[in-house]
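Results of the structural survey
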Amino acid sequence: MGLPMASHLLNAGHELAVHTRTKSKAGLLLDRGATWQSSPAQAVGGADVVFVNVPDTPDVQAVLLGESGVIAGARPGTIVIDHSTISPAATREMAAQLAAKGIILLDAPVSGGDVGAKNATLSIMVGGDKTAFDRVLPLLQLLGKTITYTGRSGNGQLTKLVNQILVSVTNLATSEALNFAQQSGLDPAATIQALAGGAAGSWQLQNLGPRMLQGDFAPGFTIDLQQKDLRLVLESAAELGLSLRAVELVQRLFASAQSQGWGREGTQSLFRTITLP
């Protein structure tokens, strides 16, 4: 998702220095004028704003706080925007460590998948300093359609976890409903058309439902990443003393999909788990 998001910044005329673990993945950006840097510290040397988009909490910690990380190269006043979905508690700890160096961290996870990234229609939920948020809002508007300030550091991550509860459980409902439709002899495609505009309609039904029926399990967002997010949900729930039974169920079903070797497939492969004998 970082590739199309970075492309939108280039399209708007911004200068871009980039670093990825695999340089070839940045090839399209480099061909369009972005400059390559061999470490996060070097990439942020002259930057006013830094964007981070990596998979999990340890990855963000390495990029921000590692020996060659952002903290080693960014100047005071730099605003770091982390689009990763990671631990809210770890986010607050990193924000405090960066703040000691005069660096501002905004947690800004996104929703909308690869399609939203390509079309600049992402939903972006942002936690952290409000003044910094106001400064970078024009940049975020190049990447997304719905940008919401959610409050203090970590709140963007917590809001994203709420999002992941909704999308994962709705994914399960979509999978079960379409399996029921098929087993009942209904035309599942016509069923989707009948229901999508009513109270049962959802993004999952309209976008993932047809792909489930077509056997198209190519990833927009992988099961492995969904499982990482559900782990974060359950960890945060445990800290609050909450039992999230629907999330626990869908997490077990995704684990079953992973055991079948489907972890790198799209989350719509949950349908395959539901229809296993």
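Look up a bit, the structure's there.
Before going into details, it helps to say that this report is about the structure given with it. Not measured: the values here are computed from a predicted model. (Residues numbered from 1 in each chain as written. Predicted model: local features only at pLDDT ≥ 70, side-chain atom pairs only at ≥ 80, totals over all residues. Heavy atoms only, no water.)

Attention shifts here to the overall build of the protein. For the protein, the count of helices and strands is 14 helices and 8 strands. Expressed as lengths along the three principal axes of its C-alpha atoms, the size of the protein is roughly 65 × 45 × 35 Å. Residues counted as buried form 45% of the 277 residues belonging to the protein. Considering only intrachain contacts with a sequence separation of at least 6, the fraction spanning at least 24 residues in the protein is 66%. Accessible surface computed for the protein: about 13300 Å², of which carbon and sulfur atoms make up 53%. Side chains of the protein give 20 positive and 21 negative charges; the mean places of these two sets differ by 2 Å. (Helix = DSSP H or I, 4+ residues; strand = E, 2+ residues; numbered from the N terminus. Buried < 20%, exposed > 50% of the residue type's maximum accessible area, 1.4 Å probe, protein only. Contact = heavy atoms within 4.5 Å. Areas by Shrake-Rupley, 256 points an atom, 1.4 Å probe, with all protein chains shown as cover. Lys, Arg positive; Asp, Glu negative; His and termini not counted. Charge placed at Lys NZ, Arg CZ, Asp CG, Glu CD.)

Moving on, we come to the pattern of salt bridges. What the rule picks out here adds up to 9 salt bridges. Put simply, Arg75 and Asp48 hold a salt bridge, and the shortest N to O gap is 2.7 Å. Taken as a pair, Arg75 in the loop between helix H5 (70–73) and strand S4 (79–82) and Asp48 in the loop between helix H3 (40–43) and strand S3 (49–52) lie far apart in primary sequence, 27 residues in all. Two residues, Asp229 and Lys228, come together in a salt bridge whose shortest N-O distance is 2.8 Å. Overall, the relative accessible area of 0% leaves Asp229 in the buried class. (Salt bridge = Lys/Arg side-chain N within 4 Å of Asp/Glu carboxyl O.)

Let's shift gears to the nonpolar core. With 25 residues, the main nonpolar core has Leu16, Ile81, Leu106, Ile124, Val126 and Leu140 as its most contacted residues. Contributing elements (two or more residues each) for this core: helix H1 (2–11), S4, strand S7 (122–127) and helix H8 (130–140). Looking at this core, the element that brings in the most residues is H8, giving 5 residues. Each residue touching Ile81, except ones within four places of it in the same chain, is listed here: Val49, Val50, Phe51, Val52, Leu106, Ala108, Val136 and Leu140. If you look at the next biggest cluster of nonpolar residues, it comprises 17 residues, including Val44, Leu64, Val80 and Ala90. (Core = buried A, V, L, I, M, F, W, Y, C linked by side-chain atoms within 4.5 Å.)

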